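Below are the chains, spelled out letter by letter.
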Amino acid sequence: MAHPHAPSMDVQDTLQRLGITIPPAPGAVAAYEPWARTGALVFTSGQLPWRDGVMAFAGRLGAELTVEQGYQAARQCALNALAQLQAAAGGDLNRVRRLVRVEGYVHCAAGFRGHPQVLNGASNLFNAVLGSRGAHARLAIGVSDMPLDAAVQITVTAELDGPAG
Amino acid sequence: MAHPHAPSMDVQDTLQRLGITIPPAPGAVAAYEPWARTGALVFTSGQLPWRDGVMAFAGRLGAELTVEQGYQAARQCALNALAQLQAAAGGDLNRVRRLVRVEGYVHCAAGFRGHPQVLNGASNLFNAVLGSRGAHARLAIGVSDMPLDAAVQITVTAELDGPAG
Amino acid sequence: MAHPHAPSMDVQDTLQRLGITIPPAPGAVAAYEPWARTGALVFTSGQLPWRDGVMAFAGRLGAELTVEQGYQAARQCALNALAQLQAAAGGDLNRVRRLVRVEGYVHCAAGFRGHPQVLNGASNLFNAVLGSRGAHARLAIGVSDMPLDAAVQITVTAELDGPAG
């Protein structure tokens, strides 16, 4: 099945040009799966800012963390989400026909208002890596208590090409 | 493709009878889209109570705002969501085959319990404007810190008739 | 249409073996529906830990409630979600082709970190009752103020076999 926006960039070429390496897909931390597919849609579980097996960004925006650290945390969540999508797509991110929705949960102290800036760390990565196929609707919510003290959590809903995995 | 509940009210007639004007669809405030479509489904981004370009309801339920103000805030979010659906449906709300899900996030102070009453401001509007096609599942959550200090945020998932936009 | 993992356990047999009775499906507490269907997908509204018409688990994890109580609260929400899926599937849980996504919202005091353990009360039930068809992606979020003071709220997205209800 052809991509809807052909001719489109090869995602591996884009990643190489940007100097981005997709990390190994983090496993689930409890009795669930890292992603699930139904028809053409894949839903990732909540992605935390794991990096090399370590929670790279812990704490709250507006308290222990700066907006720039939050931005990097959201970017790390997005890298992990891309790893899940790659796994769901049988290893080939070119099979992502389009992102659909990104949910962004920002761990923050009372009065924090920079949720959009923080979550742009995820959205900008998706747009850079996937181009027009990365366009997505977004939800942005502040959370007072996050699992594992993570700074940010995101989920992704995406549409895949080809047969169900 | 026929609507599943034909003969059904024309949505424009209903809006006129109710004296409701769909506002211009608010743009996204960061690096995402106001809505995204996959197959027959459209997902809106989180809708805030913007009115004429101003955040019409800021603050927390159970603190700065009354339940009635929260109800009006949720109604304003729902008007903006209808504007997004109208855009996604090529300008014709009659192409909304059915609402599917409404997520409602209520900005509130500790101990607030009136989430259902507040969010009925959105649900009642959807039911009034779309009739039986407005029926929806709902999530209601309290949020301690909301982007832009908005009183309420909602998202909508809906099923559209006709070809993908 | 055949189930994808045939031969599969009959869900009624599994429930009987586990000594689990699906409760009556709780009604919605406001102007929405307990579930909605679009194509093969059903989305439940947020399920609270109602049991015999009473809010069986009220309060916050990390304050009034222990992790074990939270686990039981999540399990009760999951039982109610199964009741909604059974209704959406015309009374036959064998028509659940697969769970897709579980959203888990944990009502908690500042500093609580046991969200995954609490929500396993829901995930473990789904896995036990539905077997491989119960596998799901999951979101886990802490919430400072929950409707009706409920300890936990979950939603389920599932794929059903057969014609739209």
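Structure's up top.
Quick caveat: nothing in here was measured; it's all calculated off a predicted structure.

Side note on the state of the cysteines
And step 1. In total, this model carries 0 disulfides over all chains according to the counting rule given.
And step 2. In this structure C108 of chain B is not part of a disulfide, and its nearest cysteine sulfur, from C108 of chain A, lies 13 Å away.
And step 3. In this model C77 of chain C remains outside any disulfide bridge; the closest cysteine sulfur is found in C108 of chain C, 14 Å from its own.

Brief notes about the relation of the copies chain C and chain B
And step 1. By a simple turn and slide, chain C fits onto chain B: the slide is 0.0 Å along the axis, the RMSD is 0.0 Å, and the turn is 120°. Between the two chains, the operation in question is that of a three-fold axis.

Section: the pattern of salt bridges
And step 1. Per the stated rule, a full pass over the model turns up 21 salt bridges over all chains.
And step 2. A salt bridge links R101 of chain B to E103 of chain B; the nearest nitrogen and oxygen atoms lie 2.8 Å apart. Both residues of the pair, R101 of chain B and E103 of chain B, belong to the buried class.
And step 3. The salt bridge partner of E64 of chain C is R60 of chain C, with a shortest N-O separation of 2.9 Å.
And step 4. Residue classification places E64 of chain C among the partly exposed residues on the basis of a relative accessible area of 48%.

Here's the deal with helix α3 (residues 115-130) of chain B
Residue and element names in this part refer to chain B.
And step 1. A rise of 1.5 Å per residue sets the reference length of α3, with its 16 residues, at 22 Å; its end C-alpha atoms lie 23 Å apart and thus fit the reference within 8%.
And step 2. At G121, α3 is bent by approximately 35°, the largest bend along its length.
And step 3. By the criterion of burial, α3 is predominantly enclosed, with 12 of the 16 residues buried.
And step 4. All of the buried residues in α3 are H115, P116, V118, L119, N120, G121, A122, S123, L125, F126, V129 and L130.
And step 5. Immediately downstream of α3, the backbone of G131 shows phi near 60°, a positive value.

A word on the relation of the copies chain C and chain A
And step 1. Under the fitted operation, chain C is carried onto chain A by 0.0 Å of movement along the axis and a turn of 120°, and the coordinates agree to an RMSD of 0.0 Å.
And step 2. When the interface residues of chain C are mapped onto chain A, a mere 7% of them again lie at the interface, so each copy presents a different face.

Rules used in this analysis
Residues numbered from 1 in each chain as written. Chains lettered and ligands numbered in written order. Predicted model: local features only at pLDDT ≥ 70, side-chain atom pairs only at ≥ 80, totals over all residues. Heavy atoms only, no water. Disulfide = S-S within 2.5 Å. Least-squares fit on C-alpha atoms with pLDDT ≥ 70 in both. Salt bridge = Lys/Arg side-chain N within 4 Å of Asp/Glu carboxyl O. Buried < 20%, exposed > 50% of the residue type's maximum accessible area, 1.4 Å probe, protein only. Helix = DSSP H or I, 4+ residues; strand = E, 2+ residues; numbered from the N terminus. Expected span 1.5 Å × (residues − 1). Bend = angle between axes of the 7 residues up to and from the residue. Contact = heavy atoms within 4.5 Å.

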